[in-house]
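# Architecture and fold: a report
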Amino acid sequence: MNNIRSFVQRFSLPIFFVLAYALSWMMWPFEAHSLFPMGPLFAALIVLPFIGGADVKDFLRRIVQWRVGIGWYAMVLLLPVIATSVAIGINLLLGTDAPTWERIPPLSDLPVIFISILLFIGLGEEPAWRGFALPRIMKGRNALLASLILGVFHIVWHLPLFGADFDATNVLPWMLGVLGFTIVTTWMYNRTQGNLLLPMLFHTSVNVTANYLFNNLFTGADQISLWWLWAACWWVVALIILAKNGSNLAKPASEKQEYSQIAEGLARHA
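Description of the structure in this document. Quantities reported herein were computed from a predicted structural model and do not represent experimental measurements. (Residues numbered from 1 in each chain as written. Predicted model: local features only at pLDDT ≥ 70, side-chain atom pairs only at ≥ 80, totals over all residues. Heavy atoms only, no water.)

## Comments concerning the packing of helix α2 (residues 12-25) against helix α3 (residues 39-51)
- Viewed as axis vectors pointing N to C, α2 and α3 meet at an angle of 145°, and their least axial separation amounts to 8 Å. Here the hand of the crossing between α2 and α3 comes out right-handed. Here α2 contributes Ser12, Ile15, Phe16, Leu19, Ala20, Leu23 and Ser24 to the contact with α3, which in turn contributes Gly39, Pro40, Phe42, Ala43, Ala44, Ile46, Val47 and Ile51.
- Among the residues making up the contact of α2 with α3, the classes are represented as 12 nonpolar, three polar and no charged. (Axes fitted to C-alpha atoms, helices over the stretch in contact; angles between N-to-C directions. Helix = DSSP H or I, 4+ residues; strand = E, 2+ residues; numbered from the N terminus. Left-handed = near helix turned anticlockwise from the far one by under 90°. Contact = heavy atoms within 4.5 Å. Nonpolar A, V, L, I, M, F, W, Y, C, P; charged D, E, K, R; others polar.)

So, in C-alpha cells, the structure goes:
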C-alpha cells in the first residue's frame, strides 16, 4: 500500500488527467458526443486521498468557500454576459442579419438552467481543473504558462463534443476563447487564495449566457463571426489582467481599480 501511495503521490498529476479523461469519455465509444462532466471531479477525489487527508478536506472546503468580496460575485456572474453582449454588438455593427430573439429560452427557465449547470458542469469541472491540476502545474512555472498548459488539457478533454458543440468552422476561435477564459480564471484563483466556488459560478455564467445569447441569435457566417468576436473579447480581458499583473497573475494593487480597467477595456474594444 505504501508503494502505491508513493507512486500516486509522485505521479499525481498525470494519473489525475488519465482518470479525468477515462471517466469523462467512458460512454463515448457507445454514444456519439457523450462527455460525462463529473469525470474530473471524481478523478480528483480518487487521487487526493493518496496524497493526504488534509488535502481532501481543504479541497472540499474551498468548493463552498463563499466569503469573498461582493465584487468577485459581480464579476463572475456579469463578465460573461458583458463579454458576449459586446461581441454581439460588434457583430451587429459589422452588418449581420437581425438576431433571432424568438429562439432565446424563456427567462422562467433561467433558475433551473443555472442550478443544473452549476451542479453538473461547474462542480464537475472547475474544482478539479483549478483546485487540483492548476496548483500542481504552476509548481516551477509562472501562472501564464501554467494556464496555457491547463487550457490545452481542457481543450483536449472536450474532444468527444467535436462535431456537436463545435466543428471545423468554429473550433479555432473556441480554443482561443478557452485559453483566454483559463487565464482569467487563474488570475481569479490566485487573487482569492484558491477559492473554487467562484470558478464554478464563472463557468456556469459562461454556459448560461451561451444558452440565452450566444447559441441562438445568429446562424451561418454570422455565427462564425460571433465566435471570433467572442474569443477576442476574452483575450481583451486576459490581456488587461496580464498588463496589470504580469505573468504570475497575482496581487494587483487594487481590486476596484482592476474591475474598472477590465470594463473600460471591453468598452474600448466595442
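## Quick look at a nonpolar patch on the surface
- Residues Phe42, Leu45, Ile46 and Leu60 make up a contiguous nonpolar surface patch of roughly 320 Å² in combined accessible area.
- By residue number, the principal contributor to the nonpolar patch is α3, which donates three residues.
- Checked against the element boundaries, Leu60 lands in helix α4 (residues 53-63). (Patch = residues over 30% accessible without salt bridge, like charges linked within 9 Å, V, L, I, M, F, W, Y side chains within 5 Å. Areas by Shrake-Rupley, 256 points an atom, 1.4 Å probe, with all protein chains shown as cover. Salt bridge = Lys/Arg side-chain N within 4 Å of Asp/Glu carboxyl O.)

## Describing the layout of surface pockets
- In this model, the largest pocket occupies a volume close to 750 Å³.
- As for the largest pocket, its lining consists of 30 residues, and the residues nearest its centre are His158, Asp165, Trp174, His203 and Asn207.
- If you list the elements that add at least two residues to the lining of the largest pocket, you get α5 (70-93), α6 (110-138), α7 (143-157), α8 (171-191), α9 (197-214) and α10 (220-245).
- It is α9 that provides the largest number of residues to the lining of the largest pocket, a total of seven residues. (1 Å grid on protein atoms, 1.4 Å probe; cavity = no way out; pocket = protein on both sides within 12 Å on 5 of 7 lines; lining within 4 Å. Points joined across faces, edges and corners; volume = space filled by probe spheres on them.)

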